[in-house]
Amino acid sequence: MFLLPVLLIPKASAFYYEHRLYLPIIGMLIVFVNLSLVSKRTENLFSQLLVALIVIFGITSFLYSQNFSNKFRFWENAVNASPNAVYPNKVLAAIYKEEKKPELAQQYYEKTLLLNPSELAIRNDLAVIYMEKNDYAKAKSLLEEELKINSTSDKVNFNYARTLYQLKQLPDAEKYWLKAAELNTSSGETYQCLAIVNADMKNFDKARNFAHQAEAHNIPVPEDFWKAIGGK
């Protein structure tokens, strides 16, 4: 019974189940406690062995506990332990992205895609990295692939519109920002972008309407913008 966690949990998921190692140890301790020792000499030998094991495993546990010292150590160790598991690679990429380490984030996002080409949102996050490098053509290509499998994500539609806007494809940018607004009606940033793209296309009535919606969702509109589109 105590060995079942080790035997049943797939190796690919092992990093997620640290406790699978602890339950068998409890079973072993129960066995040790109930051993019948045939002589004093055997008892002394067993006691010495038990002390040695406690020291060895104590040192090992202390050294291993360093893997829990921060999120980088934990997830790097998880990736090393299960290099072909999608989840730890994806999480480590997200952590590097959050901590402003785009090169490392890109490396693990790309590895995640190799492991599972249909993993949702990975191309979206990777596209954001390319947008930060001003490589909007590459970002656009990634987001087009993502839309094929994740067309109902407001974030994907929003970011795809961003790439289209930067590539001066304004009508298409408006189309996908409208789709993003339909999928998430509470995003003030989307209404702000719709106001800007319509102002660029000289659709001032639409720009005013979206600017008001942006303000209704706590996105301030500069006075210069109001002047540029003819006032409120």
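Residues numbered from 1 in each chain as written. Predicted model: local features only at pLDDT ≥ 70, side-chain atom pairs only at ≥ 80, totals over all residues. Heavy atoms only, no water.

## As for the pattern of salt bridges
Inspection of every chain in the model, using the stated rule, returns 8 salt bridges. The salt bridge partner of lysine 90 is glutamate 119, with a shortest N-O separation of 2.8 Å. Here lysine 90 is found in helix α5 (residues 86-98), whereas its partner glutamate 119 is found in the loop between α6 (102-115) and α7 (122-132), with 29 residues between them in sequence. For glutamate 119, a relative accessible area of 15% corresponds to the buried category. The shortest N-O distance in the salt bridge between aspartate 205 and arginine 208 comes to 2.4 Å. On the criterion of helical spacing, the pair formed by aspartate 205 and arginine 208 is a turn pair, its members being 3 residues apart in helix α12 (residues 204-216). By relative accessible area, arginine 208 is classed as buried at 19%. Several salt bridges share partner residues, and in doing so they unite Lys71, Glu98 and Glu99 into one network. (Salt bridge = Lys/Arg side-chain N within 4 Å of Asp/Glu carboxyl O. Helix = DSSP H or I, 4+ residues; strand = E, 2+ residues; numbered from the N terminus. Buried < 20%, exposed > 50% of the residue type's maximum accessible area, 1.4 Å probe, protein only.)

## Here's the deal with the packing of aromatic side chains
Under the defined criterion, the tally for this structure stands at 7 aromatic pairs. Measuring from centroid to centroid gives 5.0 Å for phenylalanine 74 and tryptophan 75, while their planes differ by 85 degrees, and the two rings are edge-to-face. We classify phenylalanine 74 as partly exposed; its relative accessible area is 24%. Under the relative-accessibility criterion, tryptophan 75 is labelled buried at 13%. Here the guanidinium or amino end of lysine 133 rests over the ring plane of tyrosine 130, the centre of that ring lying 5.3 Å away. (Phe/Tyr/Trp six-rings, centres within 6.5 Å; stacked < 30°, edge-to-face > 60°. Lys NZ or Arg CZ within 6 Å of the ring centre and 35° of its normal.)

## What to know about the packing of α7 against helix α9 (residues 154-166)
Closest axis-to-axis distance for the α7/α9 pair is 10 Å, and the angle between their directions is 25 degrees. By the angle class used here, α7 and α9 are roughly parallel. Between α7 and α9 lies a crossing of left-handed hand. Here Asn124, Val128 and Met131 of α7 lie close against α9, whose contacting residues are Lys155, Val156, Asn159, Arg162 and Thr163. (Axes fitted to C-alpha atoms, helices over the stretch in contact; angles between N-to-C directions. Parallel < 35°, antiparallel > 145°, perpendicular 65-115°, else oblique. Left-handed = near helix turned anticlockwise from the far one by under 90°. Contact = heavy atoms within 4.5 Å.)

## A few points about the packing of helix α8 (residues 136-149) against α9
Contact pair α8 / α9: the axes reach a minimum separation of 9 Å and the direction vectors enclose 150 degrees. For the element pair α8 and α9, the recorded crossing hand is left-handed. On α9, the residues touching Tyr136, Ala139, Lys140, Leu143, Glu144, Glu146 and Leu147 of α8 are Val156, Asn157, Asn159, Tyr160, Thr163, Leu164 and Gln166.

## Here's the deal with the nonpolar core
In this structure, Tyr109, Leu126, Trp177 and Phe225 are the most contacted members of the largest nonpolar core, which totals 48 residues. Among the elements that line this core, the one with the most residues is α7, at 7 residues. (Core = buried A, V, L, I, M, F, W, Y, C linked by side-chain atoms within 4.5 Å.)

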